[in-house]
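# Geometric and topological summary
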Amino acid sequence: MRDTTPNETTSVLDGFQAERAGDDADSSYEISIGSVDDATQDIEADFEELMTQVRAALPTDDVQFDEAIVKENLEEVLLMLISLHGETHGKELLSDLSKHFGTQLSPGTVYPSLHALEDEEVLSMHAKVRTKEYAIDDEEAVRGRVERTMVQHLAFGLLLYAFLPEL
């Protein structure tokens, strides 16, 4: 039986990574938020690497995100994209959402989420001449938020998986 007692020094994600590493000792995840130099950052390659890890963990290569799920998790998706960029602006985020998630979200959907994250002091905004640049301001808050969302989605997915034999 698995010990489900929470460990205050280990996050849910750390436990998930440790369990995954136990299954495949050669495979591990390194998560770094907001510490990548923009000059050397290649979001295309980083995003593709993340998707490769997702596909490797699932029994199918057909991984697609519909627009509704992206909208429901827009703040977490934006935090991930901003973390990959290190610092970015709204138009680039709209482009990333379209390119990587196949969504056509309007600025009226994305910018209020960015402003809400800024109000929560999770993001910082720097006004430039013609745009505003967003960067992660509170890495710990971002990590906690992403972990909570991840656990909810994993639990819901496992519930659906457990239900399949009933069909």
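A brief look at the structure comes next. (Residues numbered from 1 in each chain as written. Predicted model: local features only at pLDDT ≥ 70, side-chain atom pairs only at ≥ 80, totals over all residues. Heavy atoms only, no water.)

### Brief notes about the pattern of salt bridges
Enumeration according to the criterion identifies 7 salt bridges in this entry. Between Glu-67 and Lys-71 there is a salt bridge, with its nearest N and O atoms 4.0 Å apart. Note that Glu-67 and Lys-71 are positioned in helix 3 (residues 67-72) at a spacing of 4 residues, about one turn of the helix. The exposure class of Glu-67 is partly exposed, given its relative accessible area of 31%. Counted as one network, the salt bridges with shared partners bring together Glu-75, Glu-76, Glu-120 and Arg-145. (Salt bridge = Lys/Arg side-chain N within 4 Å of Asp/Glu carboxyl O. Helix = DSSP H or I, 4+ residues; strand = E, 2+ residues; numbered from the N terminus. Buried < 20%, exposed > 50% of the residue type's maximum accessible area, 1.4 Å probe, protein only.)

### A closer look at a negative patch on the surface
Together, Asp-119, Glu-121, Asp-137, Asp-138, Glu-139 and Glu-140 give the surface a local cluster of negative charge. For Asp-138, the location among the structural elements is in the loop between strand 3 (132-136) and helix 7 (139-163). (Patch = residues over 30% accessible without salt bridge, like charges linked within 9 Å, V, L, I, M, F, W, Y side chains within 5 Å. Areas by Shrake-Rupley, 256 points an atom, 1.4 Å probe, with all protein chains shown as cover. Lys, Arg positive; Asp, Glu negative; His and termini not counted. Charge placed at Lys NZ, Arg CZ, Asp CG, Glu CD.)

### What to know about the packing of helix 4 (residues 74-85) against helix 5 (residues 90-101)
The N-to-C vectors of helix 4 and helix 5 enclose an angle of 105°; their axes lie 11 Å apart at closest approach. One finds that helix 4 runs roughly perpendicular with respect to helix 5. In this structure, helix 4 contributes Leu-74, Val-77, Leu-78, Met-80, Leu-81, Ile-82 and His-85 to the contact, and helix 5 contributes Glu-92, Leu-93, Asp-96, Leu-97 and Phe-101. Class assignment of the residues belonging to the contact of helix 4 with helix 5 gives a composition of 9 nonpolar, 1 polar and 2 charged. (Axes fitted to C-alpha atoms, helices over the stretch in contact; angles between N-to-C directions. Parallel < 35°, antiparallel > 145°, perpendicular 65-115°, else oblique. Contact = heavy atoms within 4.5 Å. Nonpolar A, V, L, I, M, F, W, Y, C, P; charged D, E, K, R; others polar.)

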